[in-house]
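An overview of the molecular structure
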Amino acid sequence: TPIRGGETYRVWGDLGSAARVELQIYAGRPWDGSGRSAGYLAFEDIELDPDGSFEIRVSADEHEGNWLENPAEGTTLFARHVYDDWTDDPTGDIHIDRVGFEGRRRPPETEEELAARIRAAATMFGTTVRTWPDFVARRYVDVRPANTVAPPYDTYALGGAKGRWMSGGHFVLDEDEVLLLRLPETPAHYQAIQLADMWFASLEHGNQISSLTRKQSLRAPDGAYYYVIARRDPGYPNWLDAGSLTRGTFLIRWDGVRGELDEDEVPTATRLHRNGLEASIPGFVTVSPSDREETRRARRRHLQRRAHR
């Protein structure tokens, strides 16, 4: 939500079935190089009530209890509920009030304010068109070969969250090819992988299994997690469905990392013909079409609850 830098806000809600919740303030737009991360409140630093509810003060002056500093240059408050399992349990909730303005009717919009909103929308559209293809080219396509994975990096300096490390790459696959990713076990609080297109937009993720968390994944006998990016179902439980895409991007995320990931916790990638999967994954097993449909059904139901639709 947009905020006014230096002003005071009350943020409240509940954790629900999320694994963690966190707040972050941006000054400008760090994702396109015109801003920075101006404040962050980690899940580990938020005091929850026994029922999972919380209240956080966002202000320029320090406040007792859960508090996030709102500097004068603050422009946007991001709140993230992070789910490690998509269940039928009640999902999290969050709300915000500007302190001292509760219950006040919003003042009528002036001609100048309406014109500014239209200009801002046009600017945002232009920024989106330019930024994300350039971002994918600059951060993925131009820096490493297809079907390889980058070393993990700390995202905080780029506008991400403290303790959040990321890795990824881009894939180019024929119909009968797959990209096999091996992710070792780590001490991170949360670990997940997802697919996106060349505009960095998430793929359909209810009916298409285009993302998986560690809790949703099968762990192989060697202690690692193997993921198969493919356009057709290879039968292995940890399938990431590329759908009709012959090329796209993948993102790997670790949350709650204390310090750095060790060398033996770094992911690897191998492009294979789909016939070579069984020999490449320790303890290779398959799931039935009905099991796969049950996974999709559970994902759809959770997303309907989370998005209230």
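Scroll up a little and you will see the structure.
All values derive from a computational prediction rather than experimental measurement. (Residues numbered from 1 in each chain as written. Predicted model: local features only at pLDDT ≥ 70, side-chain atom pairs only at ≥ 80, totals over all residues. Heavy atoms only, no water.)

1. Some points on the sheet that holds strand β11 (residues 190-196)
A sheet is described by the order of its strands in space; here five strands give the open sequence β8-β9-β15-β11-β12, paired in antiparallel fashion. Where the open sheet ends on each side, the last strands, each with one partner, are β8 (153-154) and β12 (211-213). Bridging between β8 and strand β9 (residues 165-172) involves two bridges; their strand directions are antiparallel. Bridge assignment links Y153 to a residue of β9, and that residue is M166. Those strands touched by helix α1 (residues 111-141) are β8, β9 and β15 (247-255), and its axis lies near 95° from that of β9. (Pairing = 2+ DSSP bridges. Helix = DSSP H or I, 4+ residues; strand = E, 2+ residues; numbered from the N terminus. Contact = heavy atoms within 4.5 Å. Axes fitted to C-alpha atoms, helices over the stretch in contact; angles between N-to-C directions.)

2. Some words on the pattern of salt bridges
Counted under the stated rule, the structure contains 23 salt bridges. For D222, the salt bridge identified is with R182, shortest N-O distance 3.3 Å. Residue D222 is found in the loop between β12 and β13 (225-230), and its partner R182 is found in strand β10 (residues 177-183); the two are separated by 40 residues along the sequence. A relative accessible area of 28% means that R182 is categorised as partly exposed. Here D255 ties to R253 by a salt bridge, and the two come within 3.4 Å at their closest N and O atoms. We classify R253 as partly exposed; its relative accessible area is 22%. Here the salt bridges share partners, and the residues they tie into one network are R20, E22, E44, R80, R164, R253 and D255. (Salt bridge = Lys/Arg side-chain N within 4 Å of Asp/Glu carboxyl O. Buried < 20%, exposed > 50% of the residue type's maximum accessible area, 1.4 Å probe, protein only.)

3. Structural notes on the nonpolar core
Residues F171, L181, L195, Y227, I229 and F250 are the most contacted members of the largest nonpolar core, which totals 23 residues. Among the secondary structure elements, those contributing two or more residues to this core are β9, β10, β11, β13 and β15. Those residues within four positions of L181 in sequence are excluded, and the remaining contacts are V149, I193, Y225, Y226, Y227, I229, F250, T268 and A269. (Core = buried A, V, L, I, M, F, W, Y, C linked by side-chain atoms within 4.5 Å.)

4. Here we look at the side chain of E177
For E177, the position within the fold is in strand β10. Among the polar contacts listed, one links the side chain of E177 to the backbone nitrogen of D174, at a separation of 2.9 Å. Apart from the residues within four sequence positions on either side, E177 is in contact with V172, A230, R271 and L272. (Polar contact = N/O pair within 3.5 Å; in protein donor to acceptor, adjacent residues only side chain to side chain.)

5. Observations concerning the environment of T128
Along the chain, the position of T128 falls in helix α1. Residue class for T128 comes out partly exposed when judged on its relative accessible area of 31%. For the pair formed by T128 and W199, sequence separation is 71 residues and the distance between their alpha carbons is 9.1 Å. When near neighbours in sequence (up to four residues on either side) are disregarded, T128 contacts P133 and W199.

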